[in-house]
Amino acid sequence: MLLQLTTRNCLRNVSSKLFKPHTSTQQVNRITLIRKTATATLQSDKTKAGRKAVGWWLAGCAGMTVGAVVLGGVTRLTESGLSMVDWHLIKGMKPPTSHEEWMKEFEKYQQFPEFKILNHDMTLNEFKFIWHMEYGHRMWGRLIGLAYFLPMGYFMSKGYLNRGMKIRCGALGGLLCFQGFLGWYMVKSGLKEQLLVNKDHPRVSQYRLAAHLGSAFLFYSGLFWTALTQLLPERPAVTSHDFSKLRRAAMTTKGLVFVTALSGAFVAGLDAGLTYNSYPKMADRWIPSDVMTFEPKYLNFFENPTTVQFDHRLLGHATLAMVTYTWWKAKRTPGLHSRAILASNFMMGMALLQVALGVTTLLTYVPTPTAAMHQSGSLTLLSFALWLSHELRRFPK
């Protein structure tokens, strides 16, 4: 009897376990929640990895743009920019390899004003040097195009770029293409036959040079800003009157650095750095006598080498004063996080170095190494100003 009861209880227990539903509604909900959480975690990890990859890609392109600016500056300082007298996107990628091909390229160069006015006694080996300088600058620009557009297509196919990033990257890509067009448009201005008629010094238009350099700085700024957004974690901004004043000061500083760099392009385009090579006065005068000799008067600010150098000096001093004020304001703003303070310190140090480089370049009659460092310094200073502004930006609520 006891054995029958025990057997019956065991069968009942087994039967209840076999025929009882395996999961209740609560368990189903729990499993669904776990699955959603796991999916969201995986998606979040993928998004973070995508942001980092996109950020480093943009940072790499920004670094390559710095290289292009430096190489372009050296190309201009060595007067190599007019050595290639035509432009072909694909055909122009193959350099001359034989003596006959080099002679053909040299003969094309001999038809244009720079050779006839300045370099009529140039040898083939001397021509090869300036040709390779310009060729290197052009090929570096093409390499930036490949490094930008190929990864952009990959990131878009992977879904790493949201709608806003697609628009921003597309706009930067358009600016990059426009930069290439501006480069050739600038070179063409130094190949005009009218230069022979007027016996002018063969050089590119300072207006086109400023546009070419300005667009390069804009392209770099967009890359650098967006890379910082992708790579640096957001820091909550302080909400105070002092912080708002600091943000406005940082924005003003950033704009002033950019305008000063553009004025430097006019100095370079007119060789204005060789007009007055004394500091702080200009030929024993605070304001030179020929500062407003052109008519109409507004042309002095763009075509008079004396005025262009004078303006660049004033803008350089104003930029240093604004950087110093912003740095001082950052020191006195309570609650400012460490990255912003670090950016302001770097900006202050670079501003002092940039002024020193500018004065040295002037007093030593614009040697190529110092002048190239001065031009590169302007981009470095802009980078620190951008970094500080980025740290002080407002976040959407």
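Just so it is clear, the structure is predicted and the values come from calculations on it, not from any experiment.

### Here we look at the overall build of the protein
A tally of regular secondary structure across the protein gives 13 helices and zero strands. Going residue by residue from the N terminus, the α and β elements of the protein occur as α-α-α-α-α-α-α-α-α-α-α-α-α. Taken over 397 residues, the protein has a buried fraction of 42%. The contacts of the protein with a sequence gap of at least 6 include a subset with a gap of at least 24, amounting to 78%. Of the roughly 22,000 Å² of accessible surface on the protein, 66% is carried by carbon and sulfur atoms.

### Structural notes on the packing of helix H6 (residues 163-188) against helix H8 (residues 206-231)
Here H6 crosses H8 at 160 degrees, and the two axes come no closer than 9 Å. Classified by the interaxial angle, the pair formed by H6 and H8 is roughly antiparallel. At the point where H6 passes H8, the crossing takes the left-handed sense. Here the residues of the contact of H6 with H8 are counted per class, giving 14 nonpolar, seven polar and three charged.

### Digging into the packing of aromatic side chains
Given two aromatic rings, their pairing is described by the distance between the two centres and the angle made by the two planes. Counted according to the given criterion, the structure contains 22 aromatic pairs. Note on Tyr207 and Phe266: the rings are 5.8 Å apart at their centroids and 90 degrees apart in plane angle, and the pair reads as edge-to-face. Here the residue Tyr207 occupies a position in helix H8, and Phe266 occupies one in helix H9 (residues 241-269), the gap between them amounting to 59 residues. On the basis of relative accessible area, Tyr207 is assigned to the partly exposed category, the value being 36%. Pairwise contacts between aromatic rings join Trp57, Tyr148, Phe149, Tyr154, Phe155, Tyr160 and Phe219 into one cluster. Against the face of Tyr185 rests Arg208, its NZ or CZ located 3.7 Å from the ring centre.

### Side note on the layout of surface pockets
To find the voids left in a structure, one rolls a probe of water-molecule size over its atoms. Considered as a void within the structure, the second largest pocket measures approximately 420 Å³ in volume. Every residue lining the second largest pocket is counted, 16 residues in all, and those nearest its centre are Lys91, Lys94, Pro96, Glu105 and Lys108. When residues of the lining of the second largest pocket are assigned to their parent elements, the largest contribution, four residues, is made by helix H3 (residues 99-109). Here the lining of the second largest pocket is composed, by residue class, of five nonpolar, two polar and nine charged.

### Considerations on H8
In this model, H8 (26 residues) spans 37 Å end to end at C-alpha, consistent with the 38 Å of a helix rising 1.5 Å per residue. Burial of H8 is extensive: 21 of the 26 residues sit out of reach of the surface. Near the N-terminus of H8, the side chain that reaches the backbone nitrogen of Tyr207, with its oxygen 3.2 Å away, is that of Ser205.

### Quick word on helix H12 (residues 338-363)
In an α-helix, one full turn covers 3.6 residues, which means residues spaced three or four apart are oriented alike. End to end, H12 covers 38 Å across 26 residues, agreeing with the expected 38 Å (1.5 Å per residue, within 8%). One or two residues past the end of H12 sits Tyr365, with phi positive at roughly 60 degrees.

### Remarks on the environment of Val366
For Val366, the position within the fold is in the loop between H12 and helix H13 (368-391). The class of Val366 is partly exposed, set by a relative accessible area of 26%. In this structure, the C-alpha to C-alpha distance between Val366 and Asp271, residues 95 residues apart in sequence, is 9.3 Å. What Val366 contacts, discounting residues up to four positions off in sequence, is Leu77, Gly273, Leu274, Thr361 and Ala371.

### Brief notes about the nonpolar core
Membership of the largest hydrophobic core comes to 57 residues, with the highest contact counts inside it found for Trp57, Leu58, Tyr148, Phe217, Leu223 and Leu392. Elements with a contribution of two residues or more to this core: helix H2 (25-77), helix H5 (124-158), H6, H8, H9, helix H11 (305-332), H12 and H13. Among the elements that make up this core, the one with the highest residue count is H8 (10 residues). Excluding its chain neighbours within four sequence positions, the residues that come into contact with Phe217 are Val69, Phe258, Ala261, Ser378, Leu379 and Leu382. Counting 19 residues, the second largest nonpolar core, distinct from the first, contains Phe115, Trp131, Val204 and Ala268.

### Some details on the packing of H9 against H11
Across the interface, H9 lies against H11 with an axial gap of 9 Å and an inter-helix angle of 160 degrees. Regarding the angle of H9 to H11, the classification is roughly antiparallel. The way H9 lies across H11 gives a crossing that is left-handed. Grouping the amino acids of the contact of H9 with H11 by side-chain chemistry returns 15 nonpolar, 10 polar and three charged.

### Considering the confidence of the model for the protein
When pLDDT is low, close inspection of the predicted coordinates is not appropriate. In this model, the protein carries an average pLDDT of 88, and 86% of its residues clear a pLDDT of 70 or more. Throughout residues 17-21 the model reports pLDDT below 50, and contacts reaching past four residues in sequence, or to other chains, amount to zero contacts.

### Some remarks on the side chain of Ser378
With respect to the secondary-structure elements, Ser378 resides in helix H13. Given a relative accessible area of 11%, Ser378 falls into the buried group. If near-sequence neighbours (up to four positions away) are discounted, Ser378 is found in contact with Phe217, Val257, Ala261 and Gln354.

Rules used throughout
Residues numbered from 1 in each chain as written. Predicted model: local features only at pLDDT ≥ 70, side-chain atom pairs only at ≥ 80, totals over all residues. Heavy atoms only, no water. Helix = DSSP H or I, 4+ residues; strand = E, 2+ residues; numbered from the N terminus. Buried < 20%, exposed > 50% of the residue type's maximum accessible area, 1.4 Å probe, protein only. Contact = heavy atoms within 4.5 Å. Areas by Shrake-Rupley, 256 points an atom, 1.4 Å probe, with all protein chains shown as cover. Axes fitted to C-alpha atoms, helices over the stretch in contact; angles between N-to-C directions. Parallel < 35°, antiparallel > 145°, perpendicular 65-115°, else oblique. Left-handed = near helix turned anticlockwise from the far one by under 90°. Nonpolar A, V, L, I, M, F, W, Y, C, P; charged D, E, K, R; others polar. Phe/Tyr/Trp six-rings, centres within 6.5 Å; stacked < 30°, edge-to-face > 60°. Lys NZ or Arg CZ within 6 Å of the ring centre and 35° of its normal. 1 Å grid on protein atoms, 1.4 Å probe; cavity = no way out; pocket = protein on both sides within 12 Å on 5 of 7 lines; lining within 4 Å. Points joined across faces, edges and corners; volume = space filled by probe spheres on them. Expected span 1.5 Å × (residues − 1). Polar contact = N/O pair within 3.5 Å; in protein donor to acceptor, adjacent residues only side chain to side chain. Core = buried A, V, L, I, M, F, W, Y, C linked by side-chain atoms within 4.5 Å. pLDDT = per-residue confidence, 0-100.

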